[in-house]
Amino acid sequence: SQQGCDPFAQTQRSKLQHRRARINQQINKEMRMRAGAENLFRATSNHKVKETVALELSYVNSNLQLLKEELEELNSSMDVYQNDSESISVPMIPLGLKETKELDLLVPLKDFISEHYGEEGVLFEKEIKEFMELRQAMRTPSRNEAGLELLMEYYNQLYFLDSRFFPPTKTLGVFFHWYDSLTGVPSHQRALAFEKGSVLFNLGALHTQIGARQDRASLPGLNQAIDAFQKAAGAFNYLKENFSNAPSLDMSAASLTMLVRLMVAQVQECVFEKMTLLRAQNDFLARLQLAQEAARVEEVYSLVHQTMSQPHVKDYVPFSWTTMVQVKSEHFKALSHYFAAIALCDCPAPSDAELLEQEKAFLQFHVTMPEGPSLRVLLQDPEERRKLGKAHLKRAIMKHEEAMRIHGLCKILRKMDILQEVLSFAHKRSLSKYSEIDHEEDFFETGEAPDIHRAFHVSASSQGPLSVFSAKNKWYPARRVHLMRGENGFGFTLRGDSPVLIAGVIPGGCAAEAGLKEGDYIISVNGKDCKWSKHAEVVQLLKSTGKEGVDIGVITLQGSECPKAVDRKAAVMSSGSGMLKSNKENSRKSLMNSKSASTLLVWSKKSKRSKKSTYSGVPFTAVGDNEAMY
């Protein structure tokens, strides 16, 4: 039978999980006491009893606050999940697993088999016990491929359990208890969807722990970290797209959006590290690219910080996470200016042969053009390069200092020597460069260096949205199609955003003749990348073409050619589960069983939100209602 890791084996991580479980139990106890006290407070009219109960309530509430703070400190123990390598890597944010109570399904399942199938329940005791052992093991999965397989195996078994033993009209009367992964607040529901969703959440959380423990000083470690964080983002995104009405905050849409963005940012950070590892960073263009890649990382972490500051998320996310994300945003902003300065000050002026290419790259480098001479003059004049380099370093130093200031505000982060070391090293490096290029006779006022454009080349998130362009989806090679517009337009139906999908092709029309197929995704129009483009943007690009026609880049998902309805399967999972039924799965049950609207608040699989298209076979989740013929 499958084994989880021993929760009592005294490794640092299992001690952490053990303490987390203990705090969860205490929180559960305090919550029960609070519920009892609140009921008594409402029921009694005796003034003295009311006073005593109010006092007890304030005591219970302060206890709960202390327990939640203790749990936050545990959840911020990022160092426990980091690797043991000597090399310095900025710590990543992993998630703790959701804890669950033991559960015994032996009697309810035996009774159901006897009653529903008319067979002796006792004959299935062995199989039920094996299933219960599997559930017990998946409560403490090991942090490796075996742990992921264990969670997937249990998740897949839940699918069979659901179809055979959870009829739409009744429940087994069993509650599934799970604790919120960050606050420790307990939730319980009879809906099997809650059990499935919690296991799926833990699959994502385990990927974050595997990603955080990789040695990112090596290329294999970096690749594994990128893979793990992408899969974590995929699992959280799948959960957000396919389940609704979560009873616990960690699985609410707002929290899952935040987690997806956090994982994407961590992927982007790994991509930056990979670039620094792979490149001999001594040429001008490579350093410009590093600066742009750092600007990209800063941008995605800024977005995460904004998301963490939203009303429904702010009070819930550990302060150390919010601070860490803000620190990284400032740190990478500083790095983007540092590498810009290095490109300008440490690289020789271009030869005539190099000038055109460098001018072209530099033209797209800044958000606004630097003040002063033309780019051509600037690139060829060492003194002008030094001036602009100095302006970039000045901004870098300000951002380093801001990162260190924010870092100092958080008690938990102050304990993280590694982060302190990285920030301090980067700051000293910029200061040292500044003093090296600063001349005593400089009388000019150092100007304000413009912001740097984020990277446009293919990186983790410019490969397109993860819901479509994930490692689990297999693609045919991209095709380039030249398309002419006929009297009746192009002859296809488009739908959705980021990327836009060709939902239908009219037989005998221009699109069909050019070789476009239903199910193709448009990834470029006349050389412009459209993987992230909105529907209206792509339509505008197509409509602005003249008689000469338009070049369209398309890509086709393997297995999407047949026009049969495709289930939104968990393509984001770490192994192909293929175990999910249609999205109407659990919401259908609650609808059939509902006497009132309140029943619909049971946590459930989302029903499909998009309108039925005349063209099916769409594998991705972000399908809008904006299908139209062009």
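Remember, it's a predicted structure, so these values are computed and weren't measured experimentally.

### Some points on the overall build of the protein chain
Alright, step 1. Regarding its fold elements, the protein chain presents 19 helices and 11 strands.
Alright, step 2. Considering the protein chain as a whole, with its 630 residues, one finds that 51% of them fall into the buried category.
Alright, step 3. Restricting the contact set of the protein chain to residue pairs at least 6 apart, pairs at least 24 apart contribute 76%.

### Regarding the environment of Glu 269
Alright, step 1. Along the chain, Glu 269 falls in helix H8 (residues 253-278).
Alright, step 2. As for Glu 269 and Arg 296, which are separated by 27 residues in sequence, their C-alpha atoms are 8.9 Å apart.

### Comments concerning the nonpolar core
Alright, step 1. Leu 161, Phe 201, Phe 236, Leu 262, Trp 321 and Phe 362 are the most contacted members of the largest nonpolar core, which has 116 residues in total.
Alright, step 2. Broken down by element, this core gets its largest block of residues, 13 residues, from helix H11 (residues 319-346).
Alright, step 3. Inspection of this core shows a minimum of three residues originating in each of domain 2 (84-280) and domain 3 (327-437).
Alright, step 4. Beyond its immediate chain neighbours, meaning those up to four positions away, Phe 236 contacts Leu 95, Phe 201, Gly 204, Ala 205, Thr 208, Leu 256, Leu 259, Val 260 and Met 263.
Alright, step 5. If you look at the next biggest cluster of nonpolar residues, it comprises 19 residues, including Val 500, Leu 516, Cys 530 and Ile 552.

### Re the packing of helix H9 (residues 284-308) against helix H12 (residues 352-363)
Alright, step 1. Orientation of H9 relative to H12, taken along the N-to-C sense of each, is 10 degrees, at an axis distance of 11 Å. When the axis of H9 is compared with that of H12, the two are roughly parallel. On H12, the residues touching Phe 284, Leu 285 and Leu 288 of H9 are Glu 357, Gln 358, Ala 361 and Phe 362.

### As for the side chain of His 331
Alright, step 1. On the secondary structure map, His 331 appears in helix H11.
Alright, step 2. When its relative accessible area of 5% is taken as the criterion, His 331 is described as buried.
Alright, step 3. Discounting residues that sit within four places of it in the chain, His 331 has contacts with Ala 403, Val 422, Leu 423 and Ala 426.

### Some points on the environment of Ala 212
Alright, step 1. One can find Ala 212 in helix H6 (residues 192-212).
Alright, step 2. Here the alpha-carbon distance between Ala 212 and Val 90, two residues 122 residues apart in the chain, equals 10.0 Å.

### Topic: the packing of helix H4 (residues 125-138) against helix H5 (residues 145-165)
Alright, step 1. Closest axis-to-axis distance for the H4/H5 pair is 9 Å, and the angle between their directions is 140 degrees. Here H4 lies oblique to H5, going by the angle between them. H5 is crossed by H4, and the crossing has left-handed handedness. Contacts between H4 and H5 involve Phe 131, Leu 134, Arg 135, Ala 137 and Met 138 on the former and, on the latter, Leu 150, Leu 151, Glu 153, Tyr 154, Gln 157, Leu 158 and Leu 161.

### Quick look at the pairing of strand S7 (residues 520-525)
Along any regular strand the residues' side chains alternate between the sheet's two faces.
Alright, step 1. Judged by how many residues are buried, S7 sits mostly within the fold: 6 of 6 residues are covered.
Alright, step 2. Relative to S7, strand S6 (residues 500-505) is paired through 2 bridges, and the arrangement is antiparallel. Residue pairing in the sheet places Val 500 in a bridge with Ile 522 of S7.
Alright, step 3. Where S7 lies against strand S9 (residues 550-556), 5 bridges are found, and the strand directions are antiparallel. What sits directly across from Asp 520, in S9, is Thr 556.
Alright, step 4. The pairing of S7 with strand S8 (residues 528-529) spans 2 bridges and is antiparallel.

### Section: the packing of aromatic side chains
Alright, step 1. According to the stated counting rule, one finds 9 aromatic pairs in the structure shown.
Alright, step 2. Geometrically, the ring pair formed by Phe 272 and Phe 332 is edge-to-face, given 5.4 Å between the ring centres and 85 degrees between the ring planes. Here Phe 272, found in helix H8, pairs with Phe 332, found in helix H11; they are 60 residues apart in sequence, far enough to count as distant.
Alright, step 3. Judged by relative accessible area, Phe 332 falls into the buried class, the value being 3%.

### A word on a nonpolar patch on the surface
Alright, step 1. Residues Leu 219, Leu 277 and Leu 278 make up a contiguous nonpolar surface patch of roughly 250 Å² in combined accessible area.
Alright, step 2. The residue Leu 278 is located in helix H8 in this model.

### Details of the pairing of S9
Alright, step 1. In terms of burial, S9 is largely enclosed, as 6 of its 7 residues are buried.
Alright, step 2. Bridge analysis of strand S4 (residues 479-483) against S9 gives 5 bridges, and the strand direction is antiparallel. Looking at S9, one finds that Val 481 is bridged to Ile 552.

### Remarks on the side chain of Ser 248
Alright, step 1. Its location among the elements puts Ser 248 in the loop between strand S3 (243-244) and H8.
Alright, step 2. Reaching out from Ser 248, the side chain makes a polar contact with the side chain of Asp 250 at a distance of 2.6 Å.
Alright, step 3. Contact partners of Ser 248, with chain neighbours within four places excluded, come to Lys 98, Asp 180 and Ser 187.

### A few points about the pattern of salt bridges
Alright, step 1. Going through the model one piece at a time under the given rule, you end up with 25 salt bridges.
Alright, step 2. Here Lys 433 and Asp 346 are joined by a salt bridge, their closest N and O atoms 2.6 Å apart. In this pair, Lys 433 is assigned in helix H16 (residues 417-437) and Asp 346 in helix H11, connecting sequence segments 87 residues apart.
Alright, step 3. The exposure class of Lys 433 is buried, given its relative accessible area of 8%.

### Considering helix H7 (residues 219-242)
Alright, step 1. Compared with an ideal rise of 1.5 Å per residue, which puts 24 residues at 34 Å, H7 spans 34 Å between its outermost C-alpha atoms and is within 8% of the ideal.
Alright, step 2. Counting buried positions along H7 gives 19 out of 24 residues, so the element sits mostly inside the fold.

### Thoughts on the confidence of the model for the protein chain
Alright, step 1. The predicted model of the protein chain has a mean per-residue pLDDT of 78, with 77% of residues at 70 or higher.
Alright, step 2. Per-element confidence in the protein chain is highest for H11, whose mean pLDDT is 94, and lowest for helix H19 (residues 585-593), whose mean pLDDT is 35.
Alright, step 3. Long-range and interchain partners of residues 457-461, a stretch whose pLDDT sits below 50, account for 16 contacts in this model, where long-range means more than four residues apart.
Alright, step 4. A low-confidence stretch, residues 607-626 (pLDDT under 50), is modelled with 53 contacts involving residues beyond four sequence positions or located in other chains.

What counts as what
- Residues numbered from 1 in each chain as written.
- Predicted model: local features only at pLDDT ≥ 70, side-chain atom pairs only at ≥ 80, totals over all residues.
- Heavy atoms only, no water.
- Helix = DSSP H or I, 4+ residues; strand = E, 2+ residues; numbered from the N terminus.
- Buried < 20%, exposed > 50% of the residue type's maximum accessible area, 1.4 Å probe, protein only.
- Contact = heavy atoms within 4.5 Å.
- Core = buried A, V, L, I, M, F, W, Y, C linked by side-chain atoms within 4.5 Å.
- Domains from an automatic or database assignment.
- Axes fitted to C-alpha atoms, helices over the stretch in contact; angles between N-to-C directions.
- Parallel < 35°, antiparallel > 145°, perpendicular 65-115°, else oblique.
- Left-handed = near helix turned anticlockwise from the far one by under 90°.
- Pairing = 2+ DSSP bridges.
- Phe/Tyr/Trp six-rings, centres within 6.5 Å; stacked < 30°, edge-to-face > 60°.
- Patch = residues over 30% accessible without salt bridge, like charges linked within 9 Å, V, L, I, M, F, W, Y side chains within 5 Å.
- Areas by Shrake-Rupley, 256 points an atom, 1.4 Å probe, with all protein chains shown as cover.
- Salt bridge = Lys/Arg side-chain N within 4 Å of Asp/Glu carboxyl O.
- Polar contact = N/O pair within 3.5 Å; in protein donor to acceptor, adjacent residues only side chain to side chain.
- Expected span 1.5 Å × (residues − 1).
- pLDDT = per-residue confidence, 0-100.

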